[in-house]
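Fold and contact review
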Amino acid sequence: MTVFVFNLTRAIGAFSKIVKGATLMFVFSCTIASCQSKKPVFLNESAIQLAPPMVHVDSLLFRNSALMNIDLAYDNTILRYTTDRSGVTENSPRYKSPLKLKATTHLKVKAFHEDFKPSDEQELVVRKMSKDISKAKVNISPEPNENYKGSGANSLIDGLKGTVNFRNGGKWLGFQENEIVVDLNFPEPTFVENVIVSVLQDQGSWIFSPASISIKSAKGDIGAIELESSAEANSKTMDFIEIPVQKEKYNELTITISSLKEIPDWHQGKGTLPWVFVDEIIVE
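One structure accompanies this document, and this report is about it. (Residues numbered from 1 in each chain as written. Predicted model: local features only at pLDDT ≥ 70, side-chain atom pairs only at ≥ 80, totals over all residues. Heavy atoms only, no water.)

Describing the overall build of the protein
Looking only at helices and strands, the protein has 1 helix and 16 strands in total. Sorting the 284 residues of the protein into buried and exposed places 40% on the buried side. Long-range contacts, defined as pairs at least 24 residues apart, comprise 73% of the intrachain contacts of the protein with a sequence gap of at least 6. For the protein, the accessible area works out to roughly 16,400 Å², and carbon and sulfur atoms hold 48% of it. (Helix = DSSP H or I, 4+ residues; strand = E, 2+ residues; numbered from the N terminus. Buried < 20%, exposed > 50% of the residue type's maximum accessible area, 1.4 Å probe, protein only. Contact = heavy atoms within 4.5 Å. Areas by Shrake-Rupley, 256 points an atom, 1.4 Å probe, with all protein chains shown as cover.)

What to know about the sheet that holds strand S6 (residues 78–82)
One open sheet accounts for 4 strands, arranged S4-S9-S8-S6; its pairing is mixed. Edge strands, defined here as strands with exactly one partner in the open sheet, are strand S4 (61–62) and S6. Note: S4 against strand S9 (residues 122–128), 2 bridges, orientation parallel. The partner of Leu61 across the bridge, within S9, is Arg127. (Pairing = 2+ DSSP bridges.)

Focus: the sheet that holds strand S5 (residues 66–71)
Spatially, the 3 strands line up as an open sheet ordered S3-S5-S7, and their pairing is antiparallel. Of all strands in the sheet, those bounded by a partner on one side alone are strand S3 (54–57) and strand S7 (99–101). Each strand of the sheet is rotated relative to its neighbour by a mean of 25°, with strand direction disregarded. Here S3 pairs with S5 via 4 bridges, running antiparallel. (Axes fitted to C-alpha atoms, helices over the stretch in contact; angles between N-to-C directions.)

Focus on unusual backbone geometry
That bond from Ser141 to Pro142 is cis: its omega, -5°, falls within 30 degrees of zero. Of note, Pro142 is situated in the loop between strand S10 (137–141) and strand S11 (173–175). Positive phi, normally seen in glycine, also occurs at Trp206, with a value near 70°. By the secondary structure assignment, Trp206 is in the loop between strand S12 (179–201) and strand S13 (212–217).

Things to note about the side chain of Ser92
With respect to the element layout, Ser92 can be found in the loop between S6 and S7. Looking at Ser92, the relative accessible area reads 7%, which means it is buried. Among the polar contacts made by the side chain of Ser92, one reaches the main-chain amide nitrogen of Thr89 at a distance of 2.9 Å. If sequence neighbours within four positions are ignored, Ser92 has contacts with Arg80, Tyr81, Thr82 and Gly87. (Polar contact = N/O pair within 3.5 Å; in protein donor to acceptor, adjacent residues only side chain to side chain.)

Some thoughts on the pattern of salt bridges
A pair can form between side chains of opposite charge whenever their charged atoms are brought close. Considering all chains together, one arrives at 8 salt bridges under this definition. Here Glu146 ties to Lys149 by a salt bridge, and the two come within 2.9 Å at their closest N and O atoms. Taking the relative accessible area as the measure of exposure, Glu146 reaches 58% and is therefore exposed. In this structure, Lys236 and Asp202 form a salt bridge, with 3.9 Å as the shortest nitrogen-oxygen distance. Here Lys236 is found in the loop between strand S14 (220–226) and strand S15 (237–258), whereas its partner Asp202 is found in the loop between S12 and S13, with 34 residues between them in sequence. Given a relative accessible area of 7%, Asp202 falls into the buried group. What you see here is one network of salt bridges that share partners, running through Arg127, Glu242 and Glu284. (Salt bridge = Lys/Arg side-chain N within 4 Å of Asp/Glu carboxyl O.)

A few points about the environment of Leu99
If you trace the backbone, Leu99 turns up in strand S7. Residue class for Leu99 comes out buried when judged on its relative accessible area of 15%. A sequence separation of 33 residues divides Leu99 from Ala66, and the C-alpha atoms of the two residues are 8.2 Å apart. Setting aside residues no more than four positions away along its own chain, Leu99 makes contact with Ala66, Leu67, Met68, Tyr81 and Leu107.

So, the packing of aromatic side chains
Scanning the model with the defined rule gives 7 aromatic pairs in all. Geometrically, the ring pair formed by Phe166 and Phe277 is edge-to-face, given 5.1 Å between the ring centres and 70° between the ring planes. With Phe166 in the loop between S10 and S11 and Phe277 in strand S16 (residues 276–283), the pair connects residues that are 111 residues apart, well separated along the chain. Residue classification places Phe166 among the buried positions, given a relative accessible area of 7%. Ring plane angle 50° and centroid distance 6.2 Å describe the contact between Phe208 and Trp266, whose orientation is recorded as tilted. Residue Phe208 is found in the loop between S12 and S13, and its partner Trp266 is found in the loop between S15 and S16; the two are separated by 58 residues along the sequence. Taking relative accessible area as the criterion, Phe208 reaches 1% and is therefore assigned buried. Judged by its relative accessible area of 43%, Trp266 falls in the partly exposed class. Linked through ring pairs, Tyr148, Phe166, Trp275 and Phe277 together constitute an aromatic cluster. Its end group placed over the ring of Phe240, Arg127 keeps NZ or CZ at 5.3 Å from the ring centre. (Phe/Tyr/Trp six-rings, centres within 6.5 Å; stacked < 30°, edge-to-face > 60°. Lys NZ or Arg CZ within 6 Å of the ring centre and 35° of its normal.)

Written as structure tokens, this is what we have:
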């Protein structure tokens, strides 16, 4: 049996002469056991998928407004988006200029071109901080790991967001613990109906989303959430986890963040305690 090796580099090089400067995603699925013909194989443009658009925002967390740009460096590409959590279709609004956001926005964006398959959908949450809790007293137990201690406990209420590059910037607090307990004491009674915990997920670095988060006040339990997808294989993301609580004015809150008991069997770190990374706590 004769085995043929498909030279992907040459194919892409030749094709790039036809579509210079394109940002395209190539997907090849080919198994050749034997060959009786020397006929050339041609790529069908309609089978080529556009790469997802690039979304740039000056801050994922803001007090007044944020500016968002969407880009895909390929001629005649149409970018469409939604801000109401619905999926993007060819009838969704067309992106033409930077978007000025003044409220929490759940953006979804997708690229379209008449000659190629639409891109995958990109999703991003940009959140407005409706309450300033930077004057609250905050305590964390246990202390974060020495290598990922940010600016201490105040990192959680300073309104400064980390990035997916958790090793730079000094914004993330990293823990390899079963539970992280955060106590917030407000300078005056504060009305709260929602608590948001900003976390990082980077499973390649053994960082997993929490398994659960619970909220207590002086009166007892007021809210909790179980995160069943934490043990599933997921891409690198920064997530805002929302925990609805009993609507009321509070003097203090205790937030307990529980990690997975161990890294799942499908991961190379299976059986060990995962990392949990937190950079901000927000109340609404």
